[in-house]
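Structural features, examined
So you can see what is in the structure, the chains are spelled out below.
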Amino acid sequence: MKPLNGVLKMPSFDPAFLERNKAAIKQASPLLDQISQAWDEIEEFFKSQGILRGTWLCFDSIFSGAHAQPPIGEELIGIQKIKGAWRICIGELIYADPEDDPNWKPIGEAPTHLRISLLDHVHPLFEELVRSNEEYVKDIEIAAKKSQAVLTDLNLAGL
């Protein structure tokens, strides 16, 4: 498309073609709302079951160039605390900087194709959360014993 006097001229489309687009949008809109509502309810379910710490799992590898190379990172789905609230999120972990935060963002901000495909990862994510909670209890038990020892050392136990 070439600008005409500095203004882009849009091509003309057959009205029937434009109507097909309107029909597709009309059909998809309530379905996309349904998917968004499902994610909200999934997130509430996770919260209602209890979350001791953030957890995640890989749903895809990130490559630089040809797939013949080893991956440079992972795309993640997880449950993370964002602005003080537990949220189902997506993120990217780049192996070159494993200490860097995976850029978590809520699933509702993810592209539509990811919000659709990641529905298949809800059950595995919940299973990972349960495993993580079970594992973390051991660390919490150790920390609780340490906290009592610190209080005893400071003569604060039982005050």
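Below is a summary of the structure that appears in this document. (Residues numbered from 1 in each chain as written. Predicted model: local features only at pLDDT ≥ 70, side-chain atom pairs only at ≥ 80, totals over all residues. Heavy atoms only, no water.)

1. A short note on the state of the cysteines
- In the structure shown here, the tally under the stated rule is zero disulfides.
- Take Cys58: it sits in no disulfide, and the sulfur closest to it among the cysteines is that of Cys89, at 16 Å.
- Of the residues examined, Cys58 reaches a relative accessible area of 34% and is grouped as partly exposed.
- The exposure class assigned to Cys89 is buried, which follows from its relative accessible area of 0%. (Disulfide = S-S within 2.5 Å. Buried < 20%, exposed > 50% of the residue type's maximum accessible area, 1.4 Å probe, protein only.)

2. Examining the sheet that holds strand 6 (residues 105–106)
- Within the open sheet, the four strands sit side by side as 3-4-5-6. Their pairing is antiparallel. The outermost strands of the open sheet, each flanked by one partner alone, are strand 3 (55–62) and strand 6.
- Packed on one face of the sheet, helix 1 (residues 15–49) meets strand 4 (73–82) and strand 5 (85–94) and runs near 105° to strand 5.
- Its contacts with the sheet put helix 3 (residues 122–153) on strand 3, strand 4 and strand 5, and the angle it makes with strand 3 is roughly 135°. (Pairing = 2+ DSSP bridges. Helix = DSSP H or I, 4+ residues; strand = E, 2+ residues; numbered from the N terminus. Contact = heavy atoms within 4.5 Å. Axes fitted to C-alpha atoms, helices over the stretch in contact; angles between N-to-C directions.)

3. As for the packing of helix 1 against helix 3
- Two elements in contact, helix 1 and helix 3, have axes separated by 11 Å at closest approach and are oriented at 15°. Classed by the angle they form, the pair helix 1 and helix 3 counts as roughly parallel. Every pair of crossing elements has a handedness; the one defined by helix 1 and helix 3 is right-handed. Of helix 3, the residues touching helix 1 (which contributes Trp39, Ile42, Phe45, Phe46 and Gln49) are Val122, Leu125, Phe126 and Leu129. (Parallel < 35°, antiparallel > 145°, perpendicular 65-115°, else oblique. Left-handed = near helix turned anticlockwise from the far one by under 90°.)

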